Structures are given as structure tokens and as C-alpha cells.
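# Fold and geometry: a report
Chain by chain, the residues:
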Amino acid sequence: RITDYKKILPILEIYPALQGEGERTGRPTIVVRSVGCTHRCFFGNGGFCDSWNTSFHPEKGKYCFDDIIKMYDENPLVNEMMITGGSPTMHPALLNELMYFARTRCIYATLETEGSHFVKTDSPINVLSISPKFSNSIPKLNVLTPLGEKTTQKMIDQHNKFRMNYDVIKQMMEYHSHFYIKPVYDGTPKTLKEIKDFITKLKITRDRVWLMPAGDNREELIRMYPIVMEEALKNGYNFSGREHIIARNKQRFC
């Protein structure tokens, strides 16, 4: 448990928003974004992870737990929370405290995770939004990052260190019970096969799959939407847009 609610935590952003991806799309929520990530995602034409400021160029935490409480006090009509990053499971004490708070306020909590670490919170998370990182996410060497640095072998090695951790993903699904997977699809047969193999290995039913397009900007997403929608329909999957990027393009929320 976290006892000092005024101590700065590894939280980079707190803001009200409409959920832009997955099962809870369109619902008013408070986004709590942690800093620090186990991965360094780069999707070629799909660009870098849209929260590269938590991974490739991690910024320092800015907020304390009292700031989260204040955000909900100022937005009394919002009763959902989206815990995202970065990799929130890197911070188990923070996750546990968020779930304690969510339970006392009757807040429905979504955890966005790539599945790198198992976290057993005292109160199970309402829903896991699991984004397994397939081979299409591995960064290419010497590509310029969003701040103009070249990607390195160290970044590639870091990305692959926790990628596709089947045992941890299975543990998370079994403990927290309600989950769906949100694979990033780039339109290639190779990625589609990896997604299908993943689903088969973990015995995930089609109704828990939300196929999501690669793209860190509005133009690329608009190009990819019909491609991904067609594949989702063909395979009996759900489709997840990335409505926050369509709405704001590359503009940060805060």
C-alpha cells in the first residue's frame, strides 16, 4: 500500500477523456498514465508507440496520489479509470493503491498492459486490455525516434526481453478474470498468423479479440481502418479504432 499521498509517483499524466480503444470505447474515464516501459515499440509505417514519452524518451513522474483523488472530486460524473502507460505493471504498489481507491469509489478500472509482469492486486482489476507485442512491434536499427535519436541494439534487446511472456499473460488472465486482447494489426499475413497462433495457444475466444490498426497519426489510421475492419469481420473479431488519435492526431492531452 502507498501511505504518503503527497509523494510524487511515477505518474506522468492524469486527465479526463473518452476511452478511445477497445471494449470501453466512448465511455468517460480518468486516464492515469504511468511512466517507464518494458518495451520500445516501433511499427514501421505505423510509427512509434503513441506514448513514446514513457518509453523511448521517458519523462519523470509529476503527480501524487492526492492529485488522482482531486481529479475525481472535480469530475464527479466520471466513474471509470483507465490505467495506462508505459507499463503500469512495473509499479505494483501504485496499481494496488489505485484498485483500493477504485473499490471505495465504485470506479470501474481498465488496465492497459502488454503482459510483461504479473501483478496480484488485493482487489482484482475490472478488465485487462492486453496488447501482446508481436514481431511487427520490434524497433528497426538506426531509425530516428520522435526526439531525433537513432534506435540502438540496446533498445531492440530491451523490447524483446519481456515480449510475448505467455506465462505472465496467462497468470494475469486467470487472476483478474475479465480481459480482452487488443493486438496491433499492420495488414500483413505474418502478423495475422502470429495473432491467430497467440489466440490458439492461450485458448482465447473470438469475442475477446479487438483487432486494432497500427498508426500513430490520423492519416495512417484512416488508411488502415478499412483494412483492419475487413480482416476483423472475416475472422469474427471485434474492431477497435484509436479514436483519441483520430480526434487529436499527435497532440498530447496534457
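Residues numbered from 1 in each chain as written. Predicted model: local features only at pLDDT ≥ 70, side-chain atom pairs only at ≥ 80, totals over all residues. Heavy atoms only, no water.

### Looking at the overall build of the protein chain
Just so we agree on the cut-off: Helical segments are the DSSP runs of H or I of at least four residues, strand segments are the runs of E of at least two, and each set is numbered from the N terminus. Only the C-alpha atoms count toward the radius of gyration. The rule for a globule is 2.2 Å times the residue count to the power 0.38. Residue contacts are counted whenever heavy atoms from the two residues lie within 4.5 Å of one another. With residues, only the protein chains shown are counted as cover, and all accessible areas are computed by Shrake-Rupley using a 1.4 Å probe. In summary, the charge assignment counts Lys and Arg as positive and Asp and Glu as negative, without counting His or the chain termini. Charged groups are reduced to one reference atom each: NZ for lysine, CZ for arginine, CG for aspartic acid, CD for glutamic acid.
From N to C terminus, the protein chain includes seven helices and nine strands. For 254 residues, the compact-globule formula gives about 18 Å, and the C-alpha radius of gyration of the protein chain, at 17 Å, lands near that figure. Along the first, second and third principal axes, the C-alpha atoms of the protein chain reach 50 × 40 × 35 Å. Taking the intrachain contacts of the protein chain between residues at least 6 apart in sequence as the baseline, contacts between residues at least 24 apart amount to 73%. When the accessible surface of the protein chain is summed, it comes to about 11900 Å², and 53% of that surface belongs to carbon and sulfur atoms. For the protein chain, the distance from the average site of its 35 positive side-chain charges to the average site of its 29 negative ones is 3 Å.

### Things to note about the pattern of salt bridges
Condition: Basic side-chain nitrogens of Lys or Arg form a salt bridge, by our definition, when they fall within 4 Å of a carboxyl oxygen of Asp or Glu. Per-residue accessibility, obtained with a 1.4 Å probe over protein chains only, is compared with the maximum for each type, and a residue is labelled buried under 20%, exposed over 50%, and partly exposed between these values.
Within the structure shown, the criterion is met by 14 salt bridges. Here arginine 24 ties to glutamate 80 by a salt bridge, and the two come within 2.5 Å at their closest N and O atoms. A residue pair is termed long-range when its members are at least 10 positions apart, and arginine 24 in the loop between β1 (11–18) and β2 (28–34) and glutamate 80 in strand β3 (residues 80–84) qualify at 56 residues. A relative accessible area of 12% places arginine 24 in the buried class. The salt bridge involving arginine 242 is made with aspartate 50; its shortest N-O contact spans 3.6 Å.

### Quick word on empty space enclosed by the protein
A water-sized probe, rolled over the atoms, reveals where empty space remains. For the record, the criterion: Cavity means a closed set of points on a 1 Å grid over the protein atoms alone, one where a 1.4 Å probe fits but cannot get out, pocket means an open set with protein on both sides within 12 Å along at least 5 of 7 lines, and lining means a residue has an atom within 4 Å of a point. Grid points are joined across faces, edges and corners, and a volume is the space filled by probe spheres set on the points. Note on residue classes: Ala, Val, Leu, Ile, Met, Phe, Trp, Tyr, Cys and Pro are nonpolar, Asp, Glu, Lys and Arg are charged, and everything else, Gly too, is polar.
In this structure the tally under the stated criterion is one cavity of 30 Å³ or more. Approximately 40 Å³ is the volume attributed to the largest cavity. Gln19, Arg24, Arg27, Thr29, Glu80, Met81, Met82, Tyr108 and Thr110 are the residues that line the largest cavity. Listed by contribution, the elements that provide at least two residues to the lining of the largest cavity are β3 and β4 (108–113). Here the lining of the largest cavity takes three residues from β3, the largest share from any one element. Its residues placed into classes, the lining of the largest cavity shows three nonpolar, three polar and three charged.

### Here we look at the layout of surface pockets
In this structure, the largest pocket encloses a volume near 940 Å³. Arg33, Asp50, Ser51, Arg242 and His244 are the residues nearest the centre of the largest pocket, which is lined by 49 residues in total. At the level of secondary structure, the elements contributing two or more residues to the lining of the largest pocket comprise β1, β2, β3, β4 and α7 (243–248). Here the lining of the largest pocket takes five residues from α7, the largest share from any one element. Looking at the lining of the largest pocket residue by residue, the class counts come to 17 nonpolar, 18 polar and 14 charged.

Any link to function would need more than the numbers given here.
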